[in-house]
Amino acid sequence: MGTLSALPFIKVGNYCCCLWLVAGGVVAAYVLQQNQEAPITPGDGALAGLFAGIVGAFIFLVLSIPIAIVMAPMQRAMVERVINESGNNIPPAFRQFLTSFMSGPLLVVVEFIFTLVLGAIFSTLGGLLGASIFKKELHTSAHDAP
């Protein structure tokens, strides 16, 4: 979840209904169920999803820093091209904001905060979904029947 959310172009999946965040919660519930004989409860799935969202946000942060360093010159050039093509339609103060924000460390911090908050919410929902999809059925033996 954190890796897919940090990669350029692939992170667009999060713009579509927080796809990678929900998927991370579903996978966490699946792994939890595979490691237990008894069926997991929706609360177990939600908790696994919550932890996946928090851990995923920190993985996102660790991976985003070097990616941002590599991508910064290209992002800066793209923003400057958009600003130059827009002519005088953009106020100077907003131009300065765009050039400094879109390629600076502030963008990584803002993205991390959004990923942490939204990851906690949507991964928890994904964990609930995963718990209901992958829940093992209880098997009763012939000795338990009356």
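Every residue gets a number counted from 1 within its own chain, in the order that chain's sequence is written. Reporting of local features is limited, given that this is a predicted model, to residues whose pLDDT is at least 70; pairs of side-chain atoms are given and counted only at 80 or more, and all residues count toward the totals for whole chains, interfaces and linings. For the side-chain quantities, the full set of heavy atoms in the structure was used; hydrogens and water were omitted.

Enquirer: Sorry if this is basic, but what is going on with the packing of helix H2 (residues 19-34) against helix H5 (residues 105-134) here?
Expert: Geometry of a packed helix pair, given as the angle between the helix axes and the separation of the axes. The convention used is that axes are lines fitted to C-alpha atoms, helices contributing only their stretch in contact, and that angles between N-to-C directions extend from 0 to 180 degrees. In DSSP terms, a helix is any run of H or I states spanning at least four residues, a strand is any run of E spanning at least two, and both are numbered starting from the N terminus. Here H2 crosses H5 at 45 degrees, and the two axes come no closer than 6 Å. On the basis of the axis angle, H2 is oblique to H5. The crossing of H2 and H5 is right-handed. Seen from H2, the contacting residues are Leu21, Val22, Gly25, Val26, Ala29, Tyr30 and Gln33; seen from H5, they are Thr115, Leu118, Gly119, Phe122, Ser123, Gly126, Gly127, Leu129, Gly130, Ala131 and Phe134. The residue inventory of the contact of H2 with H5, partitioned by class, reads ten nonpolar, eight polar and no charged. By definition in this entry, angles of less than 35 degrees are roughly parallel, angles greater than 145 are roughly antiparallel, angles of 65 to 115 are roughly perpendicular, and the rest are oblique. Left-handed describes a crossing whose near helix is turned anticlockwise from the far helix by less than a right angle; the clockwise case is right-handed. Residue contacts follow a heavy-atom distance rule, with two residues in contact if any of their heavy atoms lie within 4.5 Å. In this classification, the charged set is Asp, Glu, Lys and Arg, the nonpolar set is Ala, Val, Leu, Ile, Met, Phe, Trp, Tyr, Cys and Pro, and all remaining amino acids, among them Gly, are polar.

Enquirer: Which parts of the structure should I look at to understand H5?
Expert: A turn of α-helix holds 3.6 residues, and therefore any two residues three or four places apart point the same way. At Gly119, H5 shows its maximal kink, close to 35 degrees. For the exposure calls, accessible area comes from a 1.4 Å probe over protein chains only, and a residue counts as buried if that area is under 20% of its type's maximum, exposed if over 50%, partly exposed in between. Every buried residue belonging to H5 is among Leu107, Val108, Phe112, Thr115, Gly119, Ser123, Thr124, Gly126, Gly127, Gly130 and Ala131, and all of these are buried. Each element contacted by the buried residues of H5 is listed here: H2, helix H3 (42-85) and helix H4 (92-101). Given a residue, its bend is the angle between the two axes fitted to the seven residues that end at it and to the seven that start from it.

Enquirer: Teacher, can you tell me more about the side chain of Gln33 here?
Expert: Mapped onto the elements, Gln33 comes out in helix H2. The exposure class of Gln33 is buried, given its relative accessible area of 0%. Reaching out from Gln33, the side chain makes a polar contact with the backbone oxygen of Ala38 at a distance of 3.1 Å. Excluding anything up to four places from it in sequence, Gln33 contacts Ala38, Pro39, Ile40, Phe134, Lys135 and Lys136. Think of a polar contact as two N or O atoms within 3.5 Å of one another; within protein, one of them needs to be a possible hydrogen donor and the other a possible acceptor, and neighboring residues in sequence only count if both atoms come from side chains.

Enquirer: Quick question: what am I supposed to make of the environment of Leu63 here?
Expert: The topology assignment puts Leu63 in helix H3. When its relative accessible area of 29% is taken as the criterion, Leu63 is described as partly exposed. Distance in space between the C-alpha atoms of Leu63 and Gly2 is 8.1 Å, their sequence separation being 61 residues. Other than its neighbours up to four places away in sequence, Leu63 contacts Gly2, Thr3 and Ala6.

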